[in-house]
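Next come the chains, spelled out residue by residue.
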Amino acid sequence: MARVRISENGSVPLPQAVRDAHGWKPGAELEIVDGGRGVVLQPVEAEQEVPAHKKKLTIEEFLAMRPKYEGPPITEEMIEQAVLEEAKRRWDEKNSR
């Protein structure tokens, strides 16, 4: 166990052995948790960058990312025909095995 003294400006030096034992480097951020009769120092985990595939987008960000369609206008009949053709292709593929 190590003993330290609070300095005039309120600093509490952490002994090198304690820092080494916990891997605390200069600049590490610690949280002080009040435990009633004492305190506990806990390292603050660095916030990690959220992977792009998990990042939440606003509707504006999503709309800005989508590719622009520059072809001829598409009608509901064209969409329905494409869906029916794909359904038929999948049915034929499944039943030809």
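Scroll up for the structure.
Presented here is a report on the structure given in the accompanying data block. (Residues numbered from 1 in each chain as written. Predicted model: local features only at pLDDT ≥ 70, side-chain atom pairs only at ≥ 80, totals over all residues. Heavy atoms only, no water.)

### Things to note about the overall build of the chain
As a reminder of what qualifies: To qualify as a helix, a DSSP run of H or I must reach at least 4 residues; to qualify as a strand, a run of E must reach at least 2; elements of each kind are numbered from the N terminus. The buried label goes to any residue with under 20% of its type's maximum accessible area, the exposed label to any with over 50%, and the partly exposed label to all in between, with areas taken from a 1.4 Å probe on protein chains only. Should any heavy atoms of two residues lie within 4.5 Å, those residues are considered in contact. Per-residue and other accessible areas follow the Shrake-Rupley method at a 1.4 Å probe size, with only the shown protein chains counted as cover for residues. The charged-residue count follows a simple rule in which Lys and Arg add positive charge and Asp and Glu add negative charge, with His and chain termini not counted at all. The atom standing in for a charge is NZ when the residue is Lys, CZ when it is Arg, CG when it is Asp and CD when it is Glu.
Within the chain one finds 3 helices and 2 strands. Secondary structure elements in the chain, listed N-terminal to C-terminal, are α-β-β-α-α. Burial analysis of the chain (97 residues in total) assigns 1% to the buried set. Here the analysis covers contacts within the chain between residues at least 6 apart in sequence; of these, 3% occur between residues at least 24 apart. A total of about 10000 Å² of accessible surface is found on the chain, and carbon and sulfur atoms cover 56% of it. Put simply, the chain has 15 plus and 18 minus side-chain charges, and the middle of one group is 8 Å from the middle of the other.

### Thoughts on the pattern of salt bridges
Rule in force here: A side-chain nitrogen of Lys or Arg and a carboxyl oxygen of Asp or Glu constitute a salt bridge if their distance falls within 4 Å.
Counting across every chain of the model gives 4 salt bridges. Between Glu86 and Arg90 there is a salt bridge, and its shortest N-O distance comes to 2.8 Å. Taken together, the residues Glu86 and Arg90, both in helix H3 (residues 76-95) and 4 residues apart, mark about one turn of the helix. A salt bridge links Lys88 to Asp92; the nearest nitrogen and oxygen atoms lie 2.7 Å apart.

### What about a nonpolar patch on the surface?
Short version of the rule: What makes a patch is a set of residues exposed beyond 30% relative accessible area and free of salt bridges, joined within 9 Å when like-charged and within 5 Å when nonpolar (Val, Leu, Ile, Met, Phe, Trp, Tyr).
Together, Leu57, Ile59, Phe62, Leu63 and Met65 make up an exposed nonpolar region whose accessible area comes to about 500 Å². Locating Ile59 in the fold gives a position in helix H2 (residues 59-65).

### Observations concerning the pairing of strand S1 (residues 30-34)
The cut-off we apply is this: By definition, two strands form a pair when at least two bridges between them are found by DSSP.
Here 5 bridges tie S1 to strand S2 (residues 39-43), and the two strands are oriented antiparallel to one another. The residue of S2 that forms the bridge with Glu31 is Gln42.

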